[in-house]
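Here are the chains, one letter per residue:
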Amino acid sequence: MIRIKQYFFCLFFLKVLVIYSQTIEINYEQSFQNSSINLYKKYDLVLTDSLSIYIERESKSGNKKEENVYNQKTYNLELGNKMDSNIYVNKKDGFYFLETFFGQALEIKEDVFKNNWQMIDSTKYIANYECKLATKEFRGRKFFVWYTNQIPTTFGPWKLNGLDGLILEARDSNSEFKLNALKIKSIDASTDTLYNALINKINVLFENEKEILTIDELKEFIDNKNQIILNRVKQQLPRGVSTPKLSSNCEECNDSLEKY
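Residues numbered from 1 in each chain as written. Predicted model: local features only at pLDDT ≥ 70, side-chain atom pairs only at ≥ 80, totals over all residues. Heavy atoms only, no water.

Caption draft 1: Seen up close, the overall build of the protein. Along its length, the protein carries 3 helices and 13 strands. Within the protein, residue pairs in contact and separated by at least 24 positions form 50% of the contacts whose partners lie at least 6 positions apart. Of the roughly 15700 Å² of accessible surface on the protein, 49% is carried by carbon and sulfur atoms. (Helix = DSSP H or I, 4+ residues; strand = E, 2+ residues; numbered from the N terminus. Contact = heavy atoms within 4.5 Å. Areas by Shrake-Rupley, 256 points an atom, 1.4 Å probe, with all protein chains shown as cover.)

Structure representation (structure tokens):
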């Protein structure tokens, strides 16, 4: 009996070791929906032992029940006034992302994430993977995630990382943000030219530190753009009519995924 247990343990260990040493691609569907926003996106998460890339592949807006097709996207990493794909990169030297703000593609380095996950005594199976439940608060939202130790990694989809296994499902406490893994596959990185090219371009993309904003600089950029918009509104209003002021406590700010 002891030998049988040892045999199955070795099989499981070898399976985990093989998964961890390979390049893996996980396809996700991610949605964000509230009273003013309806976004549905598909992402690919590429995992190696030292790097993760979470890149937007398809997107659509509107009612999910409508028969609208997703807009197909390619891995276009050419920077211009507007970037087609959101990109989130976790490397040994930090977490970087590229998003479009006010029509301008910005490269940003994240603050160091606080690893303040709290474990909840609950398990369930997603496909054939046994998953555990964890929760944390991040940028004004409380997130719940299901993750599996059968794919050991500290990387994860979007900005959800720091656990000891891959996240397969996630949502916030209001069920406005939802994320689900659709497919997991291994990649032979030694022969797959697409992923080699992607990883090489990512390394070049966040190479110039002078072009990369900090989170504080991103906040300043957003505030300045909002102030310009308010000034334009003010110019169009009749005399004596007061314009609203920027406030970090405004109710509308809670409509966004992150509250910077």
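The discussion continues.
Caption draft 2: A look at helix H2 (residues 193-205). Here H2 is 13 residues long and its end C-alpha atoms lie 18 Å apart, about the 18 Å a rise of 1.5 Å per residue gives. When we look at burial in H2, the residues that qualify are Tyr195, Leu198, Ile199, Ile202 and Leu205. The buried residues of H2 all sit within an arc of 125° when viewed along its axis, so they share a single face. Opposite the packed face of H2, turned more than 90 degrees from it, sit the exposed residues Thr193 and Val204. (Expected span 1.5 Å × (residues − 1). Buried < 20%, exposed > 50% of the residue type's maximum accessible area, 1.4 Å probe, protein only. Arc of directions from axis to C-beta.)

Caption draft 3: Quick peek at the pattern of salt bridges. Going through the model one piece at a time under the given rule, you end up with 12 salt bridges. The shortest N-O distance in the salt bridge between Lys159 and Glu258 comes to 3.1 Å. Of this pair, Lys159 sits in the loop between strand E10 (141-148) and strand E11 (166-172) while Glu258 sits in the segment after helix H3 (215-236); the two residues are 99 residues apart in sequence, bridging distant segments of the chain. Considered together, Lys159 and Glu258 belong to a single accessibility category, that of buried residues. For Lys219, the salt bridge goes to Asp216, with nearest N and O atoms at 3.9 Å. Highlighted residues: Lys219 and Asp216, both in helix H3, separated by 3 residues, approximately one helical turn. Lys219 gets classed as partly exposed once you look at its relative accessible area, which sits at 33%. Judged by its relative accessible area of 53%, Asp216 is exposed. Here the residues in one salt-bridge network are Glu110, Arg139, Lys159 and Glu258, joined through shared partners. (Salt bridge = Lys/Arg side-chain N within 4 Å of Asp/Glu carboxyl O.)

Caption draft 4: Geometry of the packing of aromatic side chains. In the structure shown here, the tally under the stated rule is 13 aromatic pairs. The structure contains a cluster of three or more aromatic residues connected by ring pairs, namely Phe95, Phe113, Phe138, Phe143, Trp158 and Phe177. Here the basic side chain of Lys60 rests over the ring of Tyr40, its NZ or CZ set 6.0 Å away from the ring centre. (Phe/Tyr/Trp six-rings, centres within 6.5 Å; stacked < 30°, edge-to-face > 60°. Lys NZ or Arg CZ within 6 Å of the ring centre and 35° of its normal.)

Caption draft 5: Representation of a nonpolar patch on the surface in the model. Where nonpolar side chains cluster on the molecular surface, the patch consists of Phe102, Ile229, Val233 and Leu237 and spans about 310 Å² of accessible area. Residue class for Phe102 comes out partly exposed when judged on its relative accessible area of 42%. (Patch = residues over 30% accessible without salt bridge, like charges linked within 9 Å, V, L, I, M, F, W, Y side chains within 5 Å.)

Caption draft 6: Summary view of the nonpolar core. Tyr54, Val145, Trp158, Leu160, Leu166 and Phe177 are the most contacted members of the largest nonpolar core, which has 43 residues in total. In this structure Phe177 touches Gln30, Ser31, Phe32, Phe143, Trp158, Leu160, Ala170, Arg171, Asp172 and Leu257, once residues within four positions along its chain are discounted. Val46, Leu98, Leu198 and Ile212 belong to the second largest nonpolar core, which has 17 residues in total. (Core = buried A, V, L, I, M, F, W, Y, C linked by side-chain atoms within 4.5 Å.)

Caption draft 7: View of unusual backbone geometry. Of note in the backbone geometry, Phe102 takes a positive phi value of approximately 55° without being a glycine. Relative to the elements of secondary structure, Phe102 occurs in the loop between strand E6 (94-101) and strand E7 (104-109). A positive phi angle, close to 55°, is found at Ala127, a residue other than glycine. Checked against the element boundaries, Ala127 lands in the loop between strand E8 (118-126) and strand E9 (129-138). Assessed through its relative accessible area of 67%, Ala127 is described here as exposed.

Caption draft 8: Just the pairing of strand E3 (residues 52-61), in detail. Along E3, 8 of the 10 residues are buried, which leaves the element largely enclosed by surrounding structure. Sheet topology note: the strand E2 (residues 38-47)/E3 ladder contains 9 bridges and is antiparallel. Within E3, the residue paired with Tyr40 across the bridge is Lys60. Between E2 and E3, which follow one another and run antiparallel, lie 4 residues. By the bridge criterion, 4 bridges tie E3 to strand E5 (residues 87-91) in an arrangement that is antiparallel. (Pairing = 2+ DSSP bridges.)

Shape is all these values report; function is a separate question.
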